[in-house]
Structure formats: structure tokens, C-alpha cells
Amino acid sequence: QSNCNVSTFPVKENFNKTRYLGRWYAMAKKSPDSIFLEDNIYADFAQDDQGFMNATARGRVTLLENWPTCVQMLGKFLETSNPAKFKLKYRGALHYLQSGFDDHWVIDTDYDTFAITYTCRQLNDDETCADSYSLVFSRDPKGIPPGVHGIIRQRQGQICLANKYGRVRHEGLCLV
Ligand code: AZE
């Protein structure tokens, strides 16, 4: 909590891609400064024939005023020397949606119930983060088991985002 230099943030040790695959529902989020997925957010992770992890994220975004619509975003995870730190190349399934290239760090996961991810889009000169987003994922859309709430809270503090999260509503919208 005291050191908010992003290079000191913990990430999952010996991250195992295979165990991470499948569907994750976002239960809480800290949004970046610009437009982002709002609610009913979930992502399906898979591995391509070259071994790269990819994901399809879905959720609602308000593109026109007062008109939230389901969007589909496609992401490919490029690997770095740290197995829990990826470069996420993403684009909208429809051309007018956003595309970009983000860091994507898996801060922690037990593969079976929860995951917490972190992205810093803009570093300050002192290597604290000026524009970040973070998602708390659950395998179960109904919620995360109480037994792991403590570890998630601890990680949120370690990435300097304690109390910065909002709940992600799930109403079964955008599901396929
Ligand atoms: C993420 C993890 C799974 C794959 C992808 C992710 C990122 C998605 C976005 C979406 C932005 C949408 C906007 C729509 C108008 C992190 C959920 C692709 C960055 C702004």
C-alpha cells in the first residue's frame, strides 16, 4: 500500500495459462479514465494453435446516450519474460469499437474461484500509475466465495486501489 511504484506490485507466481482458461465473470471493477465496459462483463479465455492465450470479452457499454448495448471485444495475449505479465492486443468485434494495446497483469488467482487483473495505461515519472484499470473475476456469476474476500482485499491494497472498485451488475445480459 505504501509503495505505489507499479514495478513493485505482486503478480501471480508461476502463472499457469492452462488452468486459467474458460469463463470468468467480472464482479468488481476499477475503470480507466476513458470509456470502458460497464456491466454484465465476462470473458472467455482460450488458447490458439500457436499456444497464445486469447479472450473474448463481452459487456455493456453506453455508446449513445442512455442506450447501453452489448459489445464484443477480442484480445490476444502476448507473452513477456514474466508469465503473469502479458501485453493485451485488443479490438472491437465491430470496427467502430475501441482497439488498443494494454499491459495485462494477473495479480492473483486460484484458477477455480477468483482472479484479479491489473492494467496501467499511463505511468507517472515516479512510476506510480496515472491511469489504471483492474478487474476482480469470479468463476461463479453469483459471486466470489467469502473465504477469498480477504486475499482479494489485500491484493487491491497492494496495487494501490483499495476502495476504488465498483460492483459489476450481472443480469444475464450479453450472455452467449
Ligand atoms: C479484458 C480481458 C479479456 C479480454 C479483453 C479485455 C479488455 C477489454 C477492453 C474493452 C474496452 C471496451 C470499450 C468499448 C467501447 C481486460 C476484459 C479484450 C479494454 C472501450
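Let me sum up the structure you'll find in this document. (Residues numbered from 1 in each chain as written. Predicted model: local features only at pLDDT ≥ 70, side-chain atom pairs only at ≥ 80, totals over all residues. Heavy atoms only, no water.)

Quick notes on the nonpolar core
Okay, so step 1: Of all hydrophobic cores here, the largest spans 50 residues; its most connected members are Phe15, Tyr20, Leu37, Phe45, Tyr118 and Ile159.
Okay, so step 2: Breaking this core down by element, the ones donating at least two residues are strand E1 (22-30), strand E2 (39-47), strand E3 (53-64), strand E4 (67-79), strand E5 (85-92), strand E6 (100-109), strand E7 (114-123) and strand E8 (129-138).
Okay, so step 3: Among all residues touching phenylalanine 45, those that are not within four sequence positions of it are Tyr20, Leu21, Gly22, Trp24, Met53, Asn54, Ala55 and Phe77. (Core = buried A, V, L, I, M, F, W, Y, C linked by side-chain atoms within 4.5 Å. Buried < 20%, exposed > 50% of the residue type's maximum accessible area, 1.4 Å probe, protein only. Helix = DSSP H or I, 4+ residues; strand = E, 2+ residues; numbered from the N terminus. Contact = heavy atoms within 4.5 Å.)

Overview of the pattern of salt bridges
Okay, so step 1: What the rule picks out here adds up to 11 salt bridges.
Okay, so step 2: Aspartate 112 is the partner of arginine 19 in a salt bridge, and the nearest nitrogen-oxygen pair spans 3.9 Å. Of the two residues, arginine 19 is situated in helix H1 (residues 17-20) and aspartate 112 in the loop between E6 and E7; the sequence distance between them amounts to 93 residues.
Okay, so step 3: Residue class for aspartate 112 comes out exposed when judged on its relative accessible area of 54%.
Okay, so step 4: For arginine 121, the salt bridge identified is with aspartate 102, shortest N-O distance 3.1 Å. Of the two residues, arginine 121 sits in strand E7 while aspartate 102 sits in strand E6, which places them 19 residues apart along the sequence.
Okay, so step 5: Residue aspartate 102 is classed as buried on the basis of its relative accessible area, which comes to 7%.
Okay, so step 6: Beyond isolated ion pairs, a larger network of salt bridges with shared partners links Lys12, Asp108 and Arg155. (Salt bridge = Lys/Arg side-chain N within 4 Å of Asp/Glu carboxyl O.)

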